[in-house]
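Next come the chains, spelled out residue by residue.
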There are 2 protein chains.
Amino acid sequence: MAPPTARLLLRTPRLSLSTAAASLFSPPSKAVLYDQHGPPDQVLRVADVPPVELGERDVCVKMLAAPINPSDINRVQGVYPVRPPVPPAAVAGYEGVAQVHALGPAVTRPLSPGDWVIPSPPSFGTWQTYIVKPEHVWHKVRDDVPVEYAATVTVNPLTALRMLQDFVKLSPGDAVVQNGATSIVGQCVIQLAKVQGIRTINIIRDRPGSEEAKEKLKQLGADEVFTEGQLDVKNVKSLLGALPEPALGFNCVGGNAAALILKLLRQGGTMVTYGGMSKRPVTVSTSSFIFKDLSLRGFWLQKWMSSDKADDCRRLIDYLLGLVQEGKLKYEMELSPFDDFGLALDKALGKHGSQPKQVLRF
Amino acid sequence: MAPPTARLLLRTPRLSLSTAAASLFSPPSKAVLYDQHGPPDQVLRVADVPPVELGERDVCVKMLAAPINPSDINRVQGVYPVRPPVPPAAVAGYEGVAQVHALGPAVTRPLSPGDWVIPSPPSFGTWQTYIVKPEHVWHKVRDDVPVEYAATVTVNPLTALRMLQDFVKLSPGDAVVQNGATSIVGQCVIQLAKVQGIRTINIIRDRPGSEEAKEKLKQLGADEVFTEGQLDVKNVKSLLGALPEPALGFNCVGGNAAALILKLLRQGGTMVTYGGMSKRPVTVSTSSFIFKDLSLRGFWLQKWMSSDKADDCRRLIDYLLGLVQEGKLKYEMELSPFDDFGLALDKALGKHGSQPKQVLRF
C-alpha cells in the first residue's frame, strides 16, 4: 500500500534525524501513574507527563478509550503475576483504543493519522492521553464500532473465544456450561457460542433480581439459565431437558459454583478455570477424576498471547469487532470521562454498588 | 505354530460335538461367591460349583493365584462403578494367573495344557479353582517368575506404567512426584521410572517407622522421599536440591497430600489422580489453574483397557514380567492358601493391622 499523504507530511528525512530540529515529539500527556503497589485509590495519581521523542519506527497515538479491568486493579495492587516493575513510576492500564497522531520517519506499516489502533497484544500503560510505542505494537482496527468495544475487545471477548476453541472440539448442537454467566466474559461466551451453534447452560448467583438477569441472558441467546440454588437437587441432569450434557465448562467463580459445573459436565468433560470471583478454591472428588474422567485446566489470556500468537490475536480481534458491528456481540459498559478518573475508579472498585464496566473516555 | 500333542489329545472331532459323550467339562470347582452387595466378610461365601461344559473355543484353566485388590473389595461392596450384576451369584476377583487344563476342540491359539495364562484384559471371577472362558480371554505368560507376580501384574504395575506414559512426555533426567509412595503402584512408579532414567520425588505419611519406609523406597530407586510434615514449609521447592521441578504428579491420597503435589509441580505441570486413600477431595486454588497453568486429570486402568487396548495390554504385561524376571520390579506380597480364604480376606480388610497384599494360592 502506498503511504497516504498525511503520513508523508509528518515524515522527516532519515539523515536529519540527528538534529534536534527534525525530531518529533508527542504532545504533553496526562497519565495515571503509580510509584508503588497498594490500594488503587491510594497509590494511583493523575500526573502531567512531558513530551516523548518518537524513534524512527515509533507511532504516537492519542488514546480514545481504555477500560478499567479487574486485572488492571490487581496489577496496581501488586497481586497479579505479570505487571510493570515499580518504582520508578508505571502508567496503569493494559488495553484500549487510540487514534494515530504522528508517525516516526521510518514507519513501514500502513498507518495514517486518524486511524484507529489498539495495542495488540495489549501492553502496559493505556491510561494516558498520548502514547509513543514502536509501530509493531499497533494494530489498525475498524472505526465503525462504538469506541468502548474497540477499547475492550481483547481482554474479555478474546478470552471467551479462545476458551471455546482451545480445550474441546465442539460441534454445532453441543453444549457448554458456565458460572459467572452475567460477567462480560460470560455474556461473550453465550453470544460467541450461539454464532457457532453451540448451546449454553448458564449458572448465576441467587440474588434479588435474578429473574431479570436470567431474562437478559436469554435475550443474548442463553439456552438455559439456573441460579445455584436451583441446581441444588439430587438429579441435576434432569434439569437439562433436551440439551446435551455439556462437554466443556467455564469457571470464573470457584467454590460451590465450580462444583455445580463438575456435576453438570458429561463423562470425560473438561472444566476450564479463568477466574475466582468467590475467592474459594475448586474442590474435586476423587471419583470425578477416576470414574468420571474429568479434566481440569486453566486459561490465562496473557499467557496465550505471549506464546507467539500475535497474528492469531489480530485476526481474532478483527473477527470479534466484525461481530460487534453486526450486532451479534454486545455487553454493558459505561463511558466515563478521563477527567473524572477518580469517580470511574471508585465505581470500578465497587464503592458505588454494582456498576457497569467503566471505560475511560479520553 | 502347530498345536502341541497334549492339546490334540484333548480334542474331540467337531462332528461328534453334539453327542453328550464327546463333551468336555471342567472339573468341579470351588468359588468365592456373593449374591448381593455388602460387607465382604458378610456377603462372600466359598461354595462348590458344578462342572462347566466347554464350548468349542473355550479354554478351561486351573487357577494358580489371584490377589485381593482394593477394587475387588469395592466391587463386592457395590461401590465400584463397573462390577458384575447380582443376583444371581457372581464370582469375586478380577485378576490372577492360571494354568491351562483343557482346550475346546476348535481352539486355534497356541495354548497347551500346563501353560501359564492370565485373563488379559482382566475379567471378573478369578477367585475360583477352575474357570472356563473363551480362548481370546487368555494370554500366555512366562512361567519363570514367582506366581504372585504373574497373578498381580496387571492392576498395579500396568497402572504405574500407563501413568508414566499417557499424560506428559518425559525424558531421561525429568522428575515425577507422587504421594502414597509406599503403595504397590507407588513402588512400581519408582522402579519403572528408574528403568527410564526418570527421577522420583516421593511423599509418604508421617507415622512411626517412616524412616524405615523411606529407606525401603530409596533401595527401590527413589531419588527423594519426604513425609507430608517435612513438606509443610514455605519454600517447598528449596527441598528439591538438584532435582528438576516435576512435570507430572500422581495422586492416590487426596487432601493435603494432593495439595503438596500441586505445590511441587512445575509451571504447566499435570497431576493425575488414580486413588483417594484419605477419602478427602482434591482442593485447588484458582491461581494454580490460571497462573501456574496446572492440569488435573484422572486415570482408571479399567477404562484404559476397555478402549481397544487389548494388544497393547498384553505387550506391556510381557514387558513388566520381563522386568520382574530381571529383578528390576518387585513389591511385597503374601501368598495365602485359598483354603484359608477367610483369614486372607480379614487381612486384606485390615483386621490384622498393616499386612502385605494378600494373594490367594489355589
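The residue numbering used here restarts from 1 in each chain and proceeds along that chain's sequence as written. Chain letters and ligand numbers both follow the written order, the letters beginning at A and the numbers at 1. pLDDT decides what is reported in this predicted model: residues at 70 or higher carry local features, side-chain atom pairs at 80 or more are listed and counted, and totals for whole chains, interfaces and linings draw on all residues regardless. Just so you know, side-chain values use all the structure's heavy atoms and leave hydrogens and water out.

**Student:** Explain the overall build of chain A to me, using residue names and the numbers behind them.
**Tutor:** Here a strand is any run of E in DSSP of at least two residues, a helix any run of H or I of at least four, and the numbering for each starts at the N terminus. Tallying secondary structure elements over chain A gives 12 helices and 17 strands in all. Principal-axis analysis of the C-alpha atoms gives chain A an extent of 75 × 45 × 35 Å. Buried residues in chain A amount to 56% of all 362 residues. Residue contacts follow a heavy-atom distance rule, with two residues in contact if any of their heavy atoms lie within 4.5 Å. Summarising the internal contacts of chain A: among those between residues at least 6 apart in sequence, 73% fall at separations of at least 24. Per-residue and other accessible areas were derived by the Shrake-Rupley procedure at a 1.4 Å probe size, with only the shown protein chains allowed to occlude residues. A total accessible area of about 15,400 Å² is found for chain A, and carbon and sulfur atoms account for 52% of it. The charged-residue count follows a simple rule in which Lys and Arg add positive charge and Asp and Glu add negative charge, with His and chain termini not counted at all. To locate a charge, take NZ of a lysine, CZ of an arginine, CG of an aspartate or CD of a glutamate. Across chain A, the 40 positively charged side chains and the 35 negatively charged ones have centroids separated by 4 Å. Here's how the labels work: a residue is buried when its accessible area is under 20% of the maximum for its type, exposed when over 50%, partly exposed in between, all with a 1.4 Å probe on protein chains only.

**Student:** Lay out the state of the cysteines with the relevant residues and their values.
**Tutor:** Residue and element names in this part refer to chain B. Cysteine sulfur atoms are paired as a disulfide whenever they fall within 2.5 Å. All told, the structure shown has 0 disulfides over all chains when counted by the stated rule. Here C252 is not disulfide-linked; the sulfur of C188 is the nearest cysteine sulfur, at 12 Å. In this structure C313 is not part of a disulfide, and its nearest cysteine sulfur, from C188, lies 14 Å away. Taking relative accessible area as the criterion, C313 reaches 0% and is therefore assigned buried.

**Student:** Give a detailed account of the pattern of salt bridges, specifying residues and quantitative values.
**Tutor:** Definition used for salt bridges: Asp or Glu carboxyl oxygen within 4 Å of a side-chain nitrogen of Lys or Arg. One pass over the structure, following the stated rule, counts 32 salt bridges over all chains. If you follow the salt bridges from partner to partner, you end up with D41, D346 and K351 of chain A in one network.

**Student:** Tell me what's going on with the side chain of R314 of chain A, and back it up with residues and numbers.
**Tutor:** All names here are of chain A. Looking at the secondary structure, you find R314 in helix 11 (residues 310–325). Although R314 is buried, it makes no salt bridge; D311 carries the closest opposite charge, 6.0 Å away. Excluding residues within four positions of it along the chain, R314 makes contact with R109, S120, H136, V137, W138 and H139.

**Student:** Describe the packing of aromatic side chains, naming the residues involved and giving the relevant values.
**Tutor:** Residue and element names in this part refer to chain B. Centres within 6.5 Å are what make two rings of Phe, Tyr or Trp a pair, Trp counting through its six-membered ring; a difference in plane orientation under 30 degrees is then read as stacked, over 60 as edge-to-face, and the rest as tilted. The tally for this structure, following the rule as stated, stands at 16 aromatic pairs over all chains. A centroid spacing of 5.6 Å and a plane angle of 55 degrees characterise the contact between W127 and F341, whose relative ring orientation is tilted. On the criterion of sequence distance, the pair formed by W127 in the loop between strand 6 (116–119) and strand 7 (130–134) and F341 in helix 12 (residues 341–348) is long-range, its members being 214 residues apart. For the pair formed by W127 and F341, the shared burial category is buried.

**Student:** An account of the environment of I68 of chain A is requested, with residue identities and associated values reported.
**Tutor:** Turning to its location among the elements, I68 of chain A is positioned in the loop between strand 3 (58–67) and helix 3 (70–77). I68 of chain A gets classed as buried once you look at its relative accessible area, which sits at 4%.

**Student:** Any details on the sheet that holds strand 4 (residues 90–91) of chain A? Residues and values, ideally.
**Tutor:** Residues and elements named next belong to chain A. The pairing criterion is simple: DSSP has to find at least two bridges between the two strands. Read across the open sheet, the 3 strands follow the order 2-1-4; overall the sheet is antiparallel. Edge positions in the open sheet fall to strand 2 (44–49) and strand 4, since each of these has one partner strand only. Sheet topology note: the strand 1 (residues 29–34)/strand 4 ladder contains 2 bridges and is antiparallel. Of the residues in strand 4, the one forming a bridge with Y34 is A90.

**Student:** Before we move on, can you summarise the domain arrangement of chain A with the specific residues and values?
**Tutor:** Interface size, as often reported, equals the accessible area lost upon joining of the parts. Residue and element names in this part refer to chain A. Each domain of chain A was delimited in the assignment, giving domain 1 (5–152 + 332–361) and domain 2 (155–302). Where a domain begins and ends is set by an automatic assignment or by a domain database. Distance between the C-alpha centres of domain 1 and domain 2: 34 Å. Domain 1 puts 11 residues into the contact, and the matching count from domain 2 is 8 residues. Carbon and sulfur atoms make up 51% of the area that domain 1 and domain 2 hide from each other, which totals about 750 Å². At the surface where domain 1 touches domain 2, the tally comes to 1 salt bridge. Here E332 makes a salt bridge to K216, at a shortest N to O gap of 3.9 Å. By convention, the term buried area covers the 1.4 Å-probe accessible surface removed from two parts as they join, with the contributions of both added.

**Student:** Tell me what's going on with the relation of the copies chain A and chain B, and back it up with residues and numbers.
**Tutor:** Here the copies were fitted onto each other by least squares, based on C-alpha atoms from residues at pLDDT of at least 70 in both. When chain A is fitted to chain B, the residual RMSD is 0.0 Å, and the transformation amounts to a turn of 180 degrees plus an axial shift of 0.0 Å. What we have between these two chains is a two-fold relation. Both copies present the same face, since 100% of the interface residues in chain A are matched by interface residues at the equivalent positions in chain B.

**Student:** Account for the interface of chain A and chain B, with residues named and values stated.
**Tutor:** Taken together, the 25 residues of chain A in the interface contact 25 residues of chain B. In total, chain A and chain B occlude about 2,100 Å² of area from one another, counting both sides; carbon and sulfur atoms represent 64% of this. A per-residue breakdown of the area chain A buries against chain B is headed by F289, I290 and F291 of chain A, which together make up 27% of the total. Put simply, chain A and chain B have 2 salt bridges between them.

**Student:** For the side chain of T273 of chain B, give the residues involved together with the corresponding values.
**Tutor:** Here T273 of chain B shows up in strand 13 (residues 270–273). Polar contacts here mean pairs of N or O atoms no more than 3.5 Å apart (in protein, one a potential hydrogen donor and the other a potential acceptor; neighbouring residues in sequence count only if both atoms are side-chain atoms). At 2.9 Å, the side chain of T273 of chain B forms a polar contact with the side chain of N251 of chain B. In this structure, T273 of chain B is in contact with T286, F289 and I290 of chain A together with N251, V282, R297, G298 and F299 of chain B, ignoring residues within four places of it in sequence.

**Student:** Tell me about helix 3 (residues 70–77) of chain B, and name the residues and values.
**Tutor:** Residues and elements named next belong to chain B. Of all the positions in helix 3, only S71, D72, I73, R75 and V76 are classed as buried. In this structure, the buried residues of helix 3 make contact with strand 1 (29–34), helix 2 (40–43), strand 2 (44–49), strand 3 (58–67), helix 10 (301–306) and helix 12. At the exit of helix 3 stands G78, carrying a positive phi of roughly 90 degrees.

**Student:** Please give an account of the sheet that holds strand 4 (residues 90–91) of chain B that cites residues and values.
**Tutor:** Residues and elements named next belong to chain B. Pairing within the open sheet is antiparallel, and its 3 strands lie in the order 2-1-4. In this open sheet, the two strands that pair with only one neighbour each are strand 2 and strand 4. Bridge count for strand 1 against strand 2 is 6 bridges, and the pairing is antiparallel. Among the inter-strand pairings, Y34 is bridged to a residue of strand 2, identified as L44.

**Student:** Please set out unusual backbone geometry residue by residue, giving values where relevant.
**Tutor:** In this structure, the amide linkage connecting S120 of chain A to the following residue, P121 of chain A, adopts the cis form with an omega of -10 degrees. Within the secondary structure layout, P121 of chain A lies in the loop between strand 6 (116–119) and strand 7 (130–134). For the peptide bond that leads from V86 of chain B to P87 of chain B, omega is -20 degrees, which places it in the cis range. Positive phi, close to 60 degrees, is recorded for K279 of chain A, a residue that is not glycine. Looking at the element boundaries, K279 of chain A is found in the loop between strand 13 (270–273) and strand 14 (282–284). Positive phi, close to 60 degrees, is recorded for D293 of chain B, a residue that is not glycine. The topology assignment puts D293 of chain B in the loop between helix 9 (286–290) and strand 15 (295–298). Look at D293 of chain B and you get buried, because its relative accessible area is 17%.

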